[in-house]
Amino acid sequence: MIELPKTSRRKFLKNLGYISVGFPMLGFAFLNQDPEMAARVLYNGNLPGSMRNANQINAWLRVMEDGSVKVFSGKVELGQGIRMAICQVAAEELDMELDQVEVHLAETGLTPDEGYTAGSGSVPNSAMSARYAAAMARKKLLELASKKLNTPESELILYNGLVKTKNGSQSMNFAQLLEGAQLEMEVTKPVPVKVKSGYRYVGKAIPRKDIPKMVRAEEIYIQDLRFPGMLHARVLRPAGYQSKLEKLDDSGLGSAVSGLVKTVVNGSFVGVITVREYEAVKAVDFLKKRSQWSESPDFPRQENMYSHLKEIADPPQQIRNDGNVNEANNGISTYQASYTKPYLQHGSIGPGCGIAMFDGDILHIWSHSQGIYPMRRAISGMLKMDQEKIHVISVPGAGCFGHSTADDAAADAAILAMTLPGKHIRVQWSREDEHTWEPYGSSMILDLKAGLDSQGKIQTWTTDVWTDTHSMRPDSDPATLLDTRYLESPAQLKGRGYLGGGHRNADPYYSIPNMQVNAHFFNGPLRVSSLRSLGSYGTIFSIESFMDELAEKEGKDPIEFRLTHLEDPRAIEVLKKIKETTNSAKLNDGEGIGFAFSRYKNTTAYAAVAVHVAVDTKSGAVKVLKMWAAVDVGEIINMDGIINQLEGGMIQAASWTLKEEVTFEGNKITSEDWDSYPIFRFPEIPEVEVHMINRPEEAAEGGGEVSMPPTGAAIANAVYKASGKRVYDLPITPEKILS
Amino acid sequence: MPKFTIKLNGSKKTIEADSDTPLLYVLRDHLELNGPKFGCGLSQCGACMVLINGKAATSCIRPISSVGDAEIITLEGLADKNGKLHPVQEAFVEEQAAQCGYCLNGMVMASVALLDSKPNPNDEEIKEALELNLCRCSTQARIIKAVKKAVKNSAGL
Ligand code: FES
Ligand code: FES
């Protein structure tokens, strides 16, 4: 159940510019005749997981004084456009104008606890909760109006924020109907939802409301928040992961750096607070030169990394075992191959930032964390402070693509704010700290083996995957926050987070009677956590590269070969669509087109990707000329929003595939900036084209991650077609192509 | 602390700052502008771009003491007096050329400078002009479309 606001929310809402200031009541006055009301159908399916702990209408939706509606979501905006998607579904069910619906994103005590904004889960959870809450609200508002206006529901019209009688004699807005109350009843099935054929907004390309604000340089990001008297701070990171502070000489800091407020030392945590932001940058430089740290142990040598990871892995866990692979392998041809993927960075363009202020009772935190409730649990553990005394407000940051440094920056700010009550402390991470301290996406090794019968059908499949965890997100274990490990009484990680992400999509979606998946988990040398699509990028890179190899061994067309192993008509359709789309593409010498397919998590959206590359056989340089995707996410909420996500997913994955690898030497991470960890720049950007297969009757799935896994394999397959060179070890660099 | 007067978005601004303070920090911290963003502080990503005498330039490693009387225009200074957006800003909205939008400042500033010097660039010229600007959300394909849209919008003016 949602808690009631304890402090003055209005003030905080105002500070963020989120207060509702009224809107033009469009109503019916501008319409010549009554609008045609779309029919409702009874929805009896499952309610979203997010509604389990928040099943009252008013947990999701409240009517404001002016009759407009505010929708509450526990998800955060990451640039994926979730605010617009939620606005669309709520306005749709309530038959309101989009401007009459405002969306309030995650804030503790105010919005439902929806955990993390991750795993392409915001549409199926948050947007669908908003849909059912809004549909239920409409039903209740009509019931109420029927009583108040003494008119049967069949004689009422609810449209654009008003309920009026068909004869036009009476009308009321939602606030007048409720007289200050809210809709407290539960959302219960069946829910009368609008028929899809009557949609005004859902499925359409509705422009986001935040982009006009971005081009006008309005206050949007956490970096833009400014509070009166706010101070700036930076944290001096240790010399290495395991280093302890041995000596710190801050004498002379006050004269070397103007605006010094204080230095805060707590164990091996060193923070410095100044009046101006650049003063904090200089103060940390000063302290870095005057600090001594114990040596952190060396990382394994980079060239031996994969053998090292195999050595340190735990005994395997069997994840799946269908049929009997060993028996079925008798007498058929078997093939095997091994694939590797390095550690990858999130590489957010805006390094982590956090703001905190302790008012003497409540610690207020502004953060671009992906999960403010779980982060609050971690910070509460770190500070040994009651959760109820911590109030967290989500504010957008730069796109972060998983668990990056937002939570760590918030923790920094929280620690420092507790030493200076009444002051807002803003911590901005440096680019170097972001690159060298963020939790990377884990390195992986995939050993695959398949057995094919004489008809060329795959009879057996074995995946052995070596991986670290793909989720060390902040939650009840405070050591998930970096700072906790360096404080005076440090805490070490209690567990390894959610391990399942490491073998996500490790079992092919193809019909194979005998299938085995074994996961070998290791506790690797680098800090890791969730990176967009988790293990799927690595598993699908290997599976879909291998599928092309098997097809070639059987002398089959790669798409035909896949189709003979698929039964799901939705999977078949995306593959046929991608084939049809690329049929007319012309290939020059040294060029090739590669394909790959996956159904994300094997349970959600379908994507087939094609990539056209040119390989320069002299230099080994790969140029991606064009990428296509055919995607089925079920019901589409915002056509333009989903395409934007899918395009971005393909380009980001192409950058991972061709350029990216976290490097280290001795006890230092050497990928410390954009020169030493290069990512795609404009001259490398291909054309992209996305084809959507809209299925309004199917469940709506998110699209943030689905185009990434097949993109890596499609590039590897295209490079093979263009150059005859199959690369098993990511990234696909010119050296590997020439070797 | 030394005082500096800079020409910013058509008016003069005087601030007090250490002379090694980069222009970006003066714009964001002292003058409370939101347009230029901190992305790397190393002149590697373009998030902090402004126009200096009409040319797109990073502001994160340029000390305030070296700015002198150069004309500085930020994202805030692109719209006209009546608030009408620059054609490049309009085109970014029309093409929905943003995901998180954190890189958008640099993308817009670099595109404005490009179109000033080359009103009808081809794809390769657009890519070259934006080479310094990174976008991790990987919205580049749309950004290229937005620049082309801006060319069309400007031609219609
Ligand atoms: S912040 Fe100036 S180029 Fe990155
Ligand atoms: S839109 Fe997020 S960095 Fe470009």
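All values reported here derive from a predicted model rather than from experimental measurement.

Asks: Lay out the overall build of chain A with the relevant residues and their values.
Replies: When its secondary structure is counted, chain A shows 19 helices and 28 strands. Its C-alpha atoms give chain A principal-axis dimensions of about 80 × 75 × 45 Å. Relative to its 739 residues, chain A shows a buried fraction of 64%. Long-range contacts, defined as pairs at least 24 residues apart, comprise 79% of the intrachain contacts of chain A with a sequence gap of at least 6. Of the roughly 26300 Å² of accessible surface on chain A, 48% is carried by carbon and sulfur atoms.

Asks: Got a sec to walk through the environment of Val-284 of chain A? Specific residues and values, please.
Replies: Residues and elements named next belong to chain A. Turning to its location among the elements, Val-284 is positioned in helix α8 (residues 277–289). Take Val-284: its relative accessible area is 12%, and that puts it in the buried class. Taking C-alpha positions, Val-284 is 47 Å from Thr-463, a pair spaced 179 residues apart along the chain. Val-284 has contacts with Arg-234, Val-235, Leu-236 and Val-272, leaving out every residue within four places of it along the chain.

Asks: Describe the side chain of Ser-268 of chain A, with residues and values.
Replies: Residues and elements named next belong to chain A. Looking at where Ser-268 falls in the secondary structure, it is placed in the loop between β11 (260–266) and β12 (269–274). The class of Ser-268 is buried, set by a relative accessible area of 6%. Here Leu-245 takes part through its backbone nitrogen, which lies 2.8 Å from a polar atom of the side chain of Ser-268. If sequence neighbours within four positions are ignored, Ser-268 has contacts with Pro-238, Ser-243, Lys-244, Leu-245, Trp-293 and Tyr-486.

Asks: Give me the lowdown on the domain arrangement of chain A, citing residues and values where you can.
Replies: Residues and elements named next belong to chain A. Entries for chain A in the domain assignment read domain 1 (9–201), domain 2 (223–295 + 346–437) and domain 3 (444–738). Summarising the inter-unit geometry, the C-alpha centres of domain 1 and domain 3 are found 38 Å apart. Facing the 17 residues of domain 1 at the interface are 17 residues of domain 3. Ionic pairing is found between Glu-635 and Arg-131, a salt bridge with its closest N-O pair at 2.8 Å. At the junction of domain 1 and domain 3, the tally comes to six residue pairs in polar contact (both at pLDDT 80 or more). Broken down by secondary-structure element, the contributors of at least two residues to the side of domain 1 that touches domain 3 are α3 (82–94) and α4 (122–148). In terms of residue class, the side of domain 1 that touches domain 3 is made up of ten nonpolar, five polar and two charged.

Asks: An account of the interface of chain A and chain B is requested, with residue identities and associated values reported.
Replies: The interface is formed by 62 residues belonging to chain A together with 53 residues belonging to chain B. Across the chain A to chain B interface the summed buried area is about 5000 Å²; carbon plus sulfur atoms make up 55%. Scanning the region where chain A abuts chain B turns up seven salt bridges. On inspection of chain A and its partner chain B, the count reaches 38 residue pairs in polar contact (both at pLDDT 80 or more). Counting residues per element, the ones that place at least two in the side of chain A that touches chain B are α6 (210–215), β9 (231–236), α8 and α17 (639–659) of chain A. For the side of chain A that touches chain B, the element with the most residues is α17 of chain A, which contributes ten residues. In terms of residue class, the side of chain A that touches chain B is made up of 27 nonpolar, 17 polar and 18 charged.

Asks: Lay out the sheet that holds strand β5 (residues 156–159) of chain A in plain terms, naming residues and giving numbers.
Replies: Residue and element names in this part refer to chain A. Ordered by their spatial adjacency, three strands build an open sheet running β5-β6-β7, and the pairing between neighbours is antiparallel. The sheet is open, and its two edges are formed by β5 and β7 (171–173), each paired on a single side. Going from strand to strand, the sheet's axes swing by 15° on average, the running direction of each strand aside. For β5 and strand β6 (residues 162–165), the ladder comprises four bridges, and the chain directions are antiparallel. Counted as the bridge partner of Leu-156 is Thr-165 from β6. Contacts from α4 reach β5, β6 and β7, with the element oriented near 135° to β5.

Asks: Could you give an account of helix α9 (residues 305–312) of chain A, naming the residues involved and the relevant values?
Replies: Residues and elements named next belong to chain A. Residues of α9 that are buried include every one of Met-305, Tyr-306 and Leu-309, and no others. For α9, the buried positions fall inside an angular range of 95° around the axis, keeping them on one side. Buried residues in α9 make contact with β15 (333–341), β20 (444–452), β21 (458–467) and β26 (664–665).

Asks: Give me the lowdown on the UniProt feature "domain: Aldehyde oxidase/xanthine dehydrogenase a/b hammerhead" (unreviewed entry) in chain A, citing residues and values where you can.
Replies: The positions that UniProt labels "domain: Aldehyde oxidase/xanthine dehydrogenase a/b hammerhead" (unreviewed entry) are, in the present scheme, residues 216–297 of chain A. Taken end to end, residues 216–297 of chain A comprises 21% helix and 32% strand; its first and last C-alpha atoms sit 48 Å apart.

Asks: An account of the environment of Asn-523 of chain A is needed here, citing residue identities and associated values.
Replies: Residues and elements named next belong to chain A. Note that Asn-523 resides in the loop between β22 (514–521) and α14 (536–553). As a C-alpha pair, Asn-523 and Leu-309 span 214 residues in sequence and 8.4 Å in three-dimensional space. Ignoring any residue separated from it by four or fewer positions in sequence, one finds Asn-523 in contact with Ile-312, Asp-468 and Arg-496.

Asks: Quick rundown of the pattern of salt bridges? Include the residues and the values.
Replies: All names here are of chain A. In total, this model carries 52 salt bridges over all chains according to the counting rule given. The partner of Asp-95 in a salt bridge is Arg-40, with the nearest N and O atoms 3.0 Å apart. Here Arg-40 lies in strand β1 (residues 40–43) and Asp-95 lies in the loop between α3 and β4 (101–104), a separation of 55 residues in the sequence. Among the residues examined, Asp-95 registers a relative accessible area of 2% and is labelled buried. If you follow the salt bridges from partner to partner, you end up with Arg-40, Glu-92, Asp-95, Glu-97, Arg-138, Lys-194 and Arg-200 in one network.

Asks: So what's going on with the sheet that holds strand β4 (residues 55–57) of chain B? Residues and values would help.
Replies: Residue and element names in this part refer to chain B. An order of β2-β1-β5-β3-β4 is seen for the five strands of this open sheet, with the pairing classed as mixed. Two strands lie at the open edges of the sheet, namely β2 (11–16) and β4, each paired on one side alone. Going across the sheet, the axis of each strand differs from the next one's by a mean of 40°, ignoring polarity. As defined by bridge partners, strand β3 (residues 50–52) adjoins β4 across three bridges and the pair is classed as antiparallel. Paired with Leu-51 across the strands is Ala-56, a residue of β4.

Asks: How would you explain the side chain of Thr-108 of chain A if you had to name every residue and give the values?
Replies: Within the secondary structure, Thr-108 of chain A sits in the loop between β4 and α4. At 2.8 Å, the side chain of Thr-108 of chain A and the backbone nitrogen of Val-392 of chain A are in polar contact.

Asks: Any chance you could break down the nonpolar core for me, citing the residues and the numbers?
Replies: Ranked by size, the top nonpolar core spans 188 residues in total, and within it Tyr-343, Ile-365 and Trp-461 of chain A together with Phe-92 of chain B carry the most contacts. Counting 54 residues, the second-largest nonpolar core is a separate cluster that includes Val-63, Ile-82, Val-103 and Ala-145 of chain A.

Asks: Pulling in residues and values, what's your account of the packing of α17 of chain A against helix α5 (residues 140–155) of chain B?
Replies: At a minimum axis distance of 9 Å, the contact between α17 of chain A and α5 of chain B shows a crossing angle of 115°. Taking contact as the criterion, the partners of Asp-640, Ile-643, Asn-644, Glu-647 and Ile-651 of chain A in α17 of chain A are, on α5 of chain B, Gln-140, Ala-141, Arg-142 and Lys-145 of chain B. For the contact of α17 of chain A with α5 of chain B, a count of residues per class yields three nonpolar, two polar and four charged.

Asks: Describe α5 of chain B, listing the residues and the values that go with them.
Replies: In a regular helix each residue adds 1.5 Å, so 16 residues correspond to 22 Å; α5 of chain B covers 23 Å between its end C-alpha atoms and thus fits that length. Buried residues in α5 of chain B make contact with α17 and β28 (687–692) of chain A together with α2 (87–94), α3 (104–117) and α4 (123–129) of chain B.

What counts and how
Residues numbered from 1 in each chain as written. Chains lettered and ligands numbered in written order. Predicted model: local features only at pLDDT ≥ 70, side-chain atom pairs only at ≥ 80, totals over all residues. Heavy atoms only, no water. Helix = DSSP H or I, 4+ residues; strand = E, 2+ residues; numbered from the N terminus. Buried < 20%, exposed > 50% of the residue type's maximum accessible area, 1.4 Å probe, protein only. Contact = heavy atoms within 4.5 Å. Areas by Shrake-Rupley, 256 points an atom, 1.4 Å probe, with all protein chains shown as cover. Polar contact = N/O pair within 3.5 Å; in protein donor to acceptor, adjacent residues only side chain to side chain. Domains from an automatic or database assignment. Salt bridge = Lys/Arg side-chain N within 4 Å of Asp/Glu carboxyl O. Nonpolar A, V, L, I, M, F, W, Y, C, P; charged D, E, K, R; others polar. Buried area = accessible area lost by both parts, 1.4 Å probe. Pairing = 2+ DSSP bridges. Axes fitted to C-alpha atoms, helices over the stretch in contact; angles between N-to-C directions. Arc of directions from axis to C-beta. UniProt positions renumbered as here; feature names shortened; annotations may be inferred. Core = buried A, V, L, I, M, F, W, Y, C linked by side-chain atoms within 4.5 Å. Expected span 1.5 Å × (residues − 1).

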